[in-house]
Amino acid sequence: MKKSHPIRRVVLATAATVSGVVLLLSLKPASDPNAQAAGAAPQQTSAAQESPQGGTAGAGSGTVDGNVAQTQYGNVQVRLTVSNGKITKAEAIQAPKGGTSDQKTALSIPKLTKETVTAQSAQIDTVSGATYTSNGYKQSLQSAIDKMKASAGSSQGSGSSQSSGAGSSSGNSQGSGSGSTQAKTVTGSVAQTQYGPVQVRITVSNGKITKADAVQAPKGGLSDQKTAMAIPKLNQEAVAAGSAKIDAVSGATYTSSGYMQSLQSALDQAGG
């Protein structure tokens, strides 16, 4: 029996060692945890970038048109652009036209729209020389602001109603059914006039005005006489018309315009 040659044993041992090393190197990349982490990182980053984009789109934004305010020289209607609950733009989509009205509209509307964005309310100054247009603008503006607030409140209410359970939902529907026929009292916003503030309070039942009165009106001097003459007539007309589209009382134009402005805001709050 022949003995194996020493060199042959060395060659065989070396070949076996090399084969083992190659096998280990071929298996290592598949189990490398750093390679897996590197592949997952881009997916997490892209997901983090996408999530904020869908959450705030359109929140508290849009346009709101106020009611048409009728003046002795023509209609006035205001449109507001709202972003995140703030007025970013105001414009008059209707304004008196023809003759001297063109000049007064061109004089007053830019000032009124600018003051609206600054004040964020209807408490703005009347433009001298364009009293009727200014009062009509403020009346329509107040109704647009009331609609804006009502829309924001309803959107919040709808969100809370979705989260409530079935039991509370049935209880609320019973309560709203019994309360829908009950009279409610609503106070309009204060309308500033050249002779003093005017504020109207109305009582509404089944969607109709059953009572109207002025909780604020111009006082002092001739204002006392004009208030005593105008307010009872305006109260009566508000109940009869069921709206703010009532005639101004002759001799008490400022008080009448302020009354109608506050009345409209009360109707907007009442949902009428």
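Calculation criteria
Along each chain, residue indices are assigned from 1 in the same order as the chain's sequence is written. Given that the model is predicted, a residue must reach a pLDDT of at least 70 before its local features are reported, and side-chain atom pairs must reach 80 or more before they are shown or counted; all residues, however, enter totals for whole chains, interfaces and linings. Based on all heavy atoms of the structure, the side-chain values leave hydrogens and waters out of the count. Under the scheme used here, helices are H or I runs from DSSP no shorter than 4 residues and strands are E runs no shorter than 2 residues, and both carry numbers assigned from the N terminus. Exposure classes here rest on a 1.4 Å probe applied to the protein chains alone. A residue is buried below 20% of its type maximum, exposed above 50%, and partly exposed in between. Pairs of residues are marked as contacts when any of their non-hydrogen atoms sit within 4.5 Å. The method behind every accessible area is Shrake-Rupley, applied with a 1.4 Å probe, and residues are considered shielded solely by the protein chains displayed. As a per-residue measure, pLDDT tells how confident the predictor is, with possible values from 0 to 100. In what follows, salt bridge is the name for a side-chain nitrogen of Lys or Arg lying within 4 Å of a carboxyl oxygen of Asp or Glu. DSSP bridges decide pairing: two strands pair if at least two such bridges lie between them. Under the pairing criterion, centres of Phe, Tyr and Trp rings, with the six-membered ring standing for Trp, must be within 6.5 Å; the plane angle then separates stacked pairs below 30 degrees from edge-to-face pairs above 60, leaving the rest tilted. Expected span, for any helix, means 1.5 Å times one less than how many residues it has. Here a cavity denotes a set of grid points, spaced 1 Å apart and computed over the protein atoms alone, in which a 1.4 Å probe fits but from which it cannot get out, and a pocket denotes an open set meeting protein on both sides within 12 Å along at least five of seven lines; residues with an atom within 4 Å of a point are reported as lining. Grid points are joined across faces, edges and corners, and a volume is the space filled by probe spheres set on the points. Residues are grouped as follows: Ala, Val, Leu, Ile, Met, Phe, Trp, Tyr, Cys and Pro are nonpolar; Asp, Glu, Lys and Arg are charged; all remaining types, including Gly, are polar. Polar contact is the term for a pair of N or O atoms within 3.5 Å; when the atoms are in protein, one must be able to donate a hydrogen and the other to accept it, and sequence-neighboring residues count only if both atoms are side-chain atoms.

Undergrad: What should I look at first to understand the overall build of the chain in this one?
TA: Check the secondary structure of the chain and you find 7 helices and 8 strands. The buried share among the 272 residues of the chain stands at 30%. Across the chain, contacts joining residues at least 24 apart in sequence account for 47% of those joining residues at least 6 apart. Taken as a whole, the chain presents about 16400 Å² of accessible surface, with 54% of it coming from carbon and sulfur.

Undergrad: How do you make sense of the confidence of the model for the chain when you look at a structure like this?
TA: The predicted coordinates ought not to be read in detail in places where the model reports low pLDDT. Residues with a pLDDT of 70 or more make up 67% of the chain, whose mean pLDDT is 76. Across the chain, element-level confidence peaks in strand E4 (residues 86-94) with a mean pLDDT of 94 and bottoms out in helix H2 (residues 33-50) with 38. When the criterion is pLDDT under 50, residues 28-59 qualifies, and its contacts beyond four places in sequence or with other chains add up to 2 contacts. Low pLDDT, under 50, characterises residues 160-180; the predicted model gives this stretch 1 contact beyond four residues in sequence or across chains.

Undergrad: Help me understand the environment of Ser 205, please; the structure alone is not making it clear to me.
TA: Structurally, Ser 205 can be placed in strand E7 (residues 196-205). The buried category is assigned to Ser 205, whose relative accessible area is 18%. Along the sequence, Ser 205 and Thr 185 sit 20 residues apart, while their C-alpha atoms lie 8.9 Å from each other.

Undergrad: How should I be thinking about the pattern of salt bridges in this particular structure?
TA: Any two side chains of opposite charge can pair, on the condition that their charged atoms come close. For the structure shown, the criterion picks out 1 salt bridge. Linking Arg 79 and Asp 65 is a salt bridge whose minimum nitrogen-to-oxygen distance equals 2.7 Å. Here Arg 79 is found in strand E3 (residues 74-83), whereas its partner Asp 65 is found in strand E1 (residues 62-65), with 14 residues between them in sequence. Residue Arg 79 is classed as partly exposed on the basis of its relative accessible area of 29%. The class of Asp 65 is partly exposed, set by a relative accessible area of 29%.

Undergrad: When you look at the side chain of Thr 203 in this model, what are you seeing that I'm missing?
TA: Assignment of secondary structure puts Thr 203 in strand E7. Note on Thr 203: relative accessible area 19%, which makes it buried.

Undergrad: What exactly am I supposed to notice about the pairing of E7 here?
TA: Put simply, side chains in a regular strand alternate between the two faces of the sheet. Taken across its 10 residues, E7 has 8 buried, putting it largely inside the fold. Sheet analysis places strand E5 (residues 184-187) next to E7, joined by 4 bridges and oriented antiparallel. Pairing of Thr 185 across the sheet is with Thr 203, part of E7. Of the pairings in the sheet, the one linking strand E6 (residues 191-193) to E7 comprises 3 bridges and is antiparallel in character. From the neighbouring strand, Gln 192 faces E7, where its bridge partner is Pro 197. Hairpin connection, E6 to E7: the antiparallel pair is bridged by 2 residues. One ladder, built from 7 bridges, connects E7 with strand E8 (residues 208-216); its direction is antiparallel. Each bridged residue has a counterpart across the sheet, and for Val 200 the counterpart in E8 is Ala 214.

Undergrad: What should I look at first to understand the packing of aromatic side chains in this one?
TA: Counted according to the given criterion, the structure contains 2 aromatic pairs. On the basis of an interplanar angle of 65 degrees and a centroid distance of 5.4 Å, the ring pair of Tyr 73 and Tyr 132 is categorised as edge-to-face. With a gap of 59 residues between them, Tyr 73 in the loop between strand E2 (69-71) and E3 and Tyr 132 in helix H4 (residues 131-163) connect regions that are remote in the sequence. Here Tyr 73 falls in the partly exposed class, since its relative accessible area comes to 46%.

Undergrad: Would you mind going over helix H7 (residues 253-270) with me for this structure?
TA: Given 3.6 residues to a turn, an α-helix orients residues that are three or four positions apart in the same direction. The first and last C-alpha atoms of H7 sit 26 Å apart over 18 residues, in line with the 26 Å expected at 1.5 Å per residue. The buried fraction of H7 is high, at 15 of 18 residues.

Undergrad: Looking at this structure, how should I read the layout of surface pockets?
TA: Summary: where empty space remains is shown by rolling a probe the size of a single water molecule over the atoms. Its volume calculated, the largest pocket comes out at about 310 Å³. Contributing to the lining of the largest pocket are 18 residues, with Gln 70, Thr 71, Gln 72, Ile 246 and Met 260 lying nearest its centre. Only E2, H4 and H7 provide two or more residues apiece to the lining of the largest pocket. Of the residues belonging to the lining of the largest pocket, the class tally is 7 nonpolar, 9 polar and 2 charged.

Undergrad: Is there a simple way to explain the side chain of Lys 138 in this structure?
TA: With respect to the helices and strands, Lys 138 occurs in helix H4. Engagement of the side chain of Lys 138 in a polar contact is seen with the backbone oxygen of Ile 124, the distance being 3.4 Å. Here Lys 138 is in contact with Ala 122, Ile 124, Asp 125, Thr 126, Gln 192 and Gln 261, once residues within four sequence places are set aside.

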